[in-house]
Every structure is written in structure tokens, then in C-alpha cells.
Amino acid sequence: MDPSKSLLLLGGTSDIGRAAALRFARAGFRVMLASRNEEEGRRNADDISARTGVTVTTHRLDILEIERFGSFLDGLPTLPDVAVCVVGELGDQFRAQSDPAHAAMVLRTNFEGPALLLGVLAERFLARGSGTIIGVSSVAGDRGRGSNYVYGAAKAGFTAFLSGLRNRLASKGVGVVTVKPGFVRTRMTAGMRLPPVVTAEADEVGRAIFAASQRGGDVIYVRRIWRPIMTVIGHIPERVFKRLRL
Ligand SMILES: NC(=O)c1ccc[n+]([C@@H]2O[C@H](COP(=O)([O-])OP(=O)(O)OC[C@H]3O[C@@H](n4cnc5c(N)ncnc54)[C@H](OP(=O)(O)O)[C@@H]3O)[C@@H](O)[C@H]2O)c1
């Protein structure tokens, strides 16, 4: 137990986020939950606090309001030791193909907002000389597929941003971890038929996020099978790939 440590969770109403926050709270971290839906965020905060006895504060955050990122960070009780970003929106690929506003929302929610907020936070960690940033991206960003390339492109951008940040800050006391969960059974995937072998539970992802914060890590595929799967998918020649229905 280390009560002096604190976690900032960006996306305080997410299923994966809640599982991760519970892991940190059980290890004694104070928790700051940042959510767009304040009522739901407060419910999660009360639940985590009741289960673990740790202090959980709630904060309003809409990841699309980039002009408020500075005041959002200024309003936190403390600069966290660890920040985990799980903000994301799967969106509707079919709709995104003909509705640029919907596509823009998906791109901005999964890439622009998370990258820019973590970028501002990284500067504060750098000034202090410590901190760990954990961004939840997706294997969907490893190669664009016909069935979800708007979401995939946003996650690819987020993955590249985290990679660059990690590369820049590696020797400066600030760790940056990219987590690629593969399929996870959550609200986001409700109603989808997911193959069990490659599908994780939210708690499994929460455990992997917490472990990465303690042991360090760069790019983590939560179910390890995803790394060889995505390596193979990444190497399929384009002339073959474009004929596949993926
Ligand atoms: N589930 C999977 O299979 C899977 C696989 C790979 C990666 N991921 C990624 O894992 C992360 C967590 O997903 P999840 O499965 O836990 O789904 P989830 O429960 O739907 O969580 C998504 C979170 O993003 C928040 N969010 C969306 N738009 C926002 C905005 N404008 N401002 C602030 N917050 C916003 C949601 O808040 P509201 O409650 O207000 O909507 C929610 O807290 C996402 O980045 C997702 O892309 C998920």
C-alpha cells in the first residue's frame, strides 16, 4: 500500500477504466476519475471508494473540449503519478463513410482529444521529472480494415503519438505505455459475437494496465496471442489483403 501515490483515470465511466481504477485503489492509490457523464462517474467513484476505502474524487472532462485541458489539469487536487486514458468511441463505420461529422467525432474522440490531453500532461510530468502515462489504443490501429477503418485510423494515430512521446521522454523519467487490449467484453462490444480465445474480460485488461504501471512496459498486447496475429495480418501483401473481407 502506498497512499502517497495517485492515479488519474481519463474515462471514468469506462468498463475497462473502472476495472483498472479498482486495481490501483486496491494497491492504495488515491484515484481521480475524470468523466463526461458526471453522475455515472460519481457512482463509480462511490463504488470504488466503498470497496477499497481509498479517496476517489470526480472531475468533469469532455475530451472534445481541447481548450479546457489546461484548466482541467489545474483543477485536479494533485498532479498524478500515473495517468490512464481509456476514452474512446467505436462509432459506426457504415455511418462514418457518408457522415463526416460522425467520422470526425470518432477521429477526435480516439485520437485528437486523448493525444492532446496526454501531451499537455506529459509536459507537466517532464517538468516534475516523473510520471507514467498509459494510453489504451487498439489492434485496430495496426492495419486499416474495411469494416472499421475510421476507428482504426484514429487508434493508429494515437498509437503513433504515444510511440513518439515514449521515444522523446524515455530518458527523462516519464514512462509511456501503449496498451492494445484485443477484443474485450464491455459495453463497447455489447451484442457482438467475439471469439473467446482472443477476447479478454475488462478485469484482465485492468490487471495488465496496473502491472504495466508497476513493472514498466512499452507496447502491451493484453492477450499475447494478438501480437503474432497482428504480425501476420501486417505482413499480408496488399494485393491479397484488399480481397479479404475483414
Ligand atoms: N472493448 C473492446 O473490445 C476494446 C478493444 C480495444 C480497445 N478498446 C479501447 O478501450 C477503451 C475503453 O473502452 P471500453 O471497452 O471500456 O468501452 P466503454 O465502456 O464504452 O468506455 C469508453 C469511455 O470513453 C468515454 N468517452 C467517450 N467519448 C467521450 C468524450 N467526448 N469525453 C470524455 N469521455 C468520453 C466514455 O464516456 P461516456 O460514459 O460518457 O460515454 C467511456 O468512459 C477505449 O479507448 C476503447 O477504444 C476497447
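The structure we're discussing is the one just above.
Residues numbered from 1 in each chain as written. Predicted model: local features only at pLDDT ≥ 70, side-chain atom pairs only at ≥ 80, totals over all residues. Heavy atoms only, no water.

### Quick notes on the sheet that holds strand β5 (residues 131-136)
- Pairing in this open sheet of seven strands is parallel, and the strands run β3-β2-β1-β4-β5-β6-β9 from one edge to the other. Two strands lie at the open edges of the sheet, namely β3 (56-60) and β9 (219-221), each paired on one side alone. Within this sheet the neighbouring strands show an average axis-to-axis angle of 20°, counted without direction.
- Each of β2 (30-35) and β3 touches helix α2 (residues 38-52); the most contacted strand, β3, lies at about 170° to it.
- Against the sheet, helix α5 (residues 100-128) engages β1 (6-10), β4 (82-85), β5 and β6 (174-180), with an angle of about 165° to β5. (Pairing = 2+ DSSP bridges. Helix = DSSP H or I, 4+ residues; strand = E, 2+ residues; numbered from the N terminus. Axes fitted to C-alpha atoms, helices over the stretch in contact; angles between N-to-C directions. Contact = heavy atoms within 4.5 Å.)

### Brief notes about the packing of aromatic side chains
- Using the criterion set out here, one finds four aromatic pairs in the structure.
- For the pair F29 and F210, a centre-to-centre distance of 6.3 Å together with 85° between the ring planes defines the contact as edge-to-face. With a gap of 181 residues between them, F29 in the loop between α1 (15-26) and β2 and F210 in helix α7 (residues 202-215) connect regions that are remote in the sequence. In this structure, F29 and F210 share a single accessibility class: buried.
- Measuring from ring centre to ring centre gives 5.2 Å for F183 and W226, while their planes differ by 85°; the resulting arrangement is edge-to-face. One end of the pair, F183, is in strand β7 (residues 183-185); the other, W226, is in helix α8 (residues 226-235), and 43 residues separate them in sequence.
- Grouping aromatic residues by their ring pairs yields a cluster made of F24, F29 and F210. (Phe/Tyr/Trp six-rings, centres within 6.5 Å; stacked < 30°, edge-to-face > 60°. Buried < 20%, exposed > 50% of the residue type's maximum accessible area, 1.4 Å probe, protein only.)

### Some thoughts on the packing of α1 against α2
- Where α1 meets α2, the closest approach of the two axes is 10 Å, and the angle between their N-to-C directions is 35°. In terms of crossing hand, the pair formed by α1 and α2 is right-handed. Taken together, the residues of α2 that come into contact with α1 (itself represented by R18, A21, L22, A25 and R26) are N44, I48, R51 and T52.
- Residue composition of the contact of α1 with α2, by class: four nonpolar, two polar and three charged. (Left-handed = near helix turned anticlockwise from the far one by under 90°. Nonpolar A, V, L, I, M, F, W, Y, C, P; charged D, E, K, R; others polar.)

Worth remembering: the numbers are spatial, not functional.
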